[in-house]
Amino acid sequence: MSFKQVNIESLSTEVFSDIGKKWMLISAAKKDGSINTMTASWGGLGVLWNKNVFFCFVRPQRFTHEFTEESDRISISFFGEEYRDALKLCGTKSGRDCDKIALSNLTPFNNNGNVGFAEAERIIYGKKIYAGKLNPEAFLSDDIEKHYNNDYHTVYICEIEKIEEKE
Ligand SMILES: Cc1cc2nc3c(=O)[nH]c(=O)nc-3n(C[C@H](O)[C@H](O)[C@H](O)COP(=O)(O)O)c2cc1C
């Protein structure tokens, strides 16, 4: 496993396909060192409050939510197509019920209180700067509410601290 740090201005990402089609893992560590991860296909990268950020959305019933709430840091990790089954597993099984990271044959590591994976192609490490529940009263399109059963996502906006890519 060997990663190189990438300057954010030279980051090359097809954000719509990288997140929407290839998916990513959202991960966080609790203060006791335990970690969890889940697959996500909604989120993005951008600039806010003069900071480079990523944002992601975690429903309150996810086991991962306990971790993203407790931790100051969240990571998003991207994988090659050969890990599609691992991402499917992490998107259908809960860390509450099994050790899905081991079942996925993924190798997590701690990086400054954040979570990386040896198998990832790219890891974006972030520090939470905003966390809040989506407000359904602010939905301006009729086709949003159908995605929910009163389980509105918590939105996390994270300042990007570091980006690593596989060498
Ligand atoms: C392709 C895909 C995308 C997903 N995107 C999200 C998402 O953006 N937000 C979310 O809360 N759950 C999303 N999920 C569902 C979680 O990954 C899934 O419920 C997972 O089992 C939660 O695991 P946990 O209980 O260990 O946190 C997605 C699942 C898949 C398969």
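The structure we're discussing is the one just above.
Residues numbered from 1 in each chain as written. Predicted model: local features only at pLDDT ≥ 70, side-chain atom pairs only at ≥ 80, totals over all residues.

### Here we look at the environment of Glu161
Here is step 1: Within the secondary structure, Glu161 is located in strand β10 (residues 154-166).
Here is step 2: Classification of Glu161 by C-beta neighbours within 10 Å gives partly exposed; the count is 15.
Here is step 3: In this structure, the C-alpha to C-alpha distance between Glu161 and His65, residues 96 residues apart in sequence, is 21 Å.
Here is step 4: If we skip the residues at most four places from it in the chain, Glu161 touches Tyr125, Gly126 and Lys127. (Helix = DSSP H or I, 4+ residues; strand = E, 2+ residues; numbered from the N terminus. Buried ≥ 20, exposed ≤ 12 C-beta atoms within 10 Å, placed from the backbone. Contact = placed C-beta atoms within 7 Å.)

### Considering the site of the ligand
Here is step 1: What surrounds the ligand is a group of 19 residues, the closest being Ala40, Phe63, Thr64, Gly91 and Ser94.
Here is step 2: Mapped onto the shell around the ligand, the elements with two or more residues apiece are β3 (35-40), β5 (51-58) and α2 (63-70).
Here is step 3: No other element matches β3, which puts 4 residues into the shell around the ligand.
Here is step 4: Classifying every residue of the shell around the ligand gives 7 nonpolar, 8 polar and 4 charged. (Near = placed C-beta within 6 Å. Nonpolar A, V, L, I, M, F, W, Y, C, P; charged D, E, K, R; others polar.)

### A few points about the nonpolar core
Here is step 1: Judged by nonpolar contacts, the single largest core of 33 residues is most densely connected at Met24, Ile26, Cys56 and Leu87.
Here is step 2: For this core, the secondary structure elements donating two or more residues are β2 (24-29), β3, β5, β6 (73-78), α3 (84-90), β8 (114-117), β9 (122-133) and β10.
Here is step 3: A total of 5 residues in this core trace back to one element, the largest contributor, which is β2.
Here is step 4: Residue contacts for Ile26: discarding those within four places in its chain leaves Thr37, Met38, Ala40, Cys56, Val58, Thr64, Ile74 and Ile76. (Core = buried A, V, L, I, M, F, W, Y, C linked by C-beta atoms within 7 Å.)

### Overview of the pairing of β10
Here is step 1: Two strands pair when backbone bridges link them, and strand β1 (residues 3-5) and β10 are joined in this way by 3 bridges, in the antiparallel orientation. Note that in β10 the partner of Gln5 across the bridge is Glu164.
Here is step 2: Inspection of the sheet shows β5 paired to β10 by 6 bridges, in the antiparallel sense. By the bridge assignment for β10, Val58 is matched with Thr154.
Here is step 3: The pairing of β9 with β10 spans 11 bridges and is classified as antiparallel. In the sheet register, Lys133 faces β10, and the bridge partner there is Thr154. (Pairing = 2+ DSSP bridges.)

### Re unusual backbone geometry
Leaving glycine out, the prevailing phi sign among residues is negative, and the prevailing peptide bond configuration is trans.
Here is step 1: A positive phi angle is found at Trp23, which is not glycine, with a value near 70 degrees.
Here is step 2: Tracing the backbone shows Trp23 in the loop between α1 (15-21) and β2.
Here is step 3: Since 20 C-beta atoms lie within 10 Å of it, Trp23 is described here as buried.
Here is step 4: Even without a glycine there, the phi angle at Asn50 is positive, about 60 degrees.
Here is step 5: With respect to the element layout, Asn50 can be found in the loop between β4 (43-48) and β5.

### A word on the pairing of β4
Here is step 1: Sheet topology note: the β4/β5 ladder contains 6 bridges and is antiparallel. Looking across to β5, one finds that Val47 is bridged to Asn52.

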